[in-house]
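# Fold and contact review
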Amino acid sequence: MWKVKDGPAYSDPYQGEPMQILIEEDKCCGAGQCVLAAPEVFDQRDEDGVVVLLDAEPGADQYENIRNAAAICPAAAIELRE
Ligand code: SF4
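Treat the numbers as computed from the prediction; the structure is a model and nothing was measured.

### What about the environment of Gly-49?
Position of Gly-49 relative to the elements: it lies in the loop between strand E4 (42-44) and strand E5 (51-53). By relative accessible area, which is 14% here, Gly-49 ends up buried. If sequence neighbours within four positions are ignored, Gly-49 has contacts with Cys-28, Gly-30 and Gln-44.

Quick look at the structure:
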């Protein structure tokens, strides 16, 4: 729990615009790193392993995992706007 001095307490310190997640399926090589980093947000298609976005509007508690997923994606197939 975060608390601003002499102010209200917040369970979520994120106060800005929600994160936008853009996937480029054509780039995805099915490595699955994003699923390991953020399993609540990314999955892979059974037939070819291409990334699937499970949650287009994830909570702020997922942002760090999503940033990690984008950073380690070997195909640079995940773009974040925040
Ligand atoms: S880490 Fe990148 S290349 Fe691998 S499945 Fe996820 S989006 Fe595709």
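### Some details on unusual backbone geometry
For residues other than glycine, phi is negative in most cases, and the peptide bonds are mostly trans. Of note, the phi angle at Ala-76 is positive, near 50°, even though the residue is not glycine. Tracing the backbone through its elements, the reader meets Ala-76 in the loop between helix H2 (63-72) and strand E6 (78-81). A relative accessible area of 48% means that Ala-76 is categorised as partly exposed.

### Some thoughts on the pattern of salt bridges
This structure, assessed with the given rule, holds seven salt bridges. Where Arg-45 meets Glu-47, a salt bridge forms, and the shortest distance between an N and an O atom there is 3.9 Å. What makes Arg-45 partly exposed here is its relative accessible area of 27%. Between Asp-48 and Arg-45 there is a salt bridge whose closest N-O contact spans 2.7 Å. Of the residues examined, Asp-48 reaches a relative accessible area of 41% and is grouped as partly exposed. Each of Glu-25, Arg-45, Glu-47 and Asp-48 takes part in salt bridges that share partners, so that together they form one network.

### Description of empty space enclosed by the protein
Scanning the entire structure with this criterion turns up one cavity of 30 Å³ or more. Of the volumes computed, that of the largest cavity is approximately 100 Å³. Lining of the largest cavity is provided by 13 residues; of these, Cys-28, Ala-31, Gly-32, Cys-34 and Cys-73 occupy positions nearest its centre. Counted by class, the lining of the largest cavity contains 10 nonpolar, three polar and no charged residues.

The rules behind each value
Residues numbered from 1 in each chain as written. Predicted model: local features only at pLDDT ≥ 70, side-chain atom pairs only at ≥ 80, totals over all residues. Heavy atoms only, no water. Helix = DSSP H or I, 4+ residues; strand = E, 2+ residues; numbered from the N terminus. Buried < 20%, exposed > 50% of the residue type's maximum accessible area, 1.4 Å probe, protein only. Contact = heavy atoms within 4.5 Å. Salt bridge = Lys/Arg side-chain N within 4 Å of Asp/Glu carboxyl O. 1 Å grid on protein atoms, 1.4 Å probe; cavity = no way out; pocket = protein on both sides within 12 Å on 5 of 7 lines; lining within 4 Å. Points joined across faces, edges and corners; volume = space filled by probe spheres on them. Nonpolar A, V, L, I, M, F, W, Y, C, P; charged D, E, K, R; others polar.

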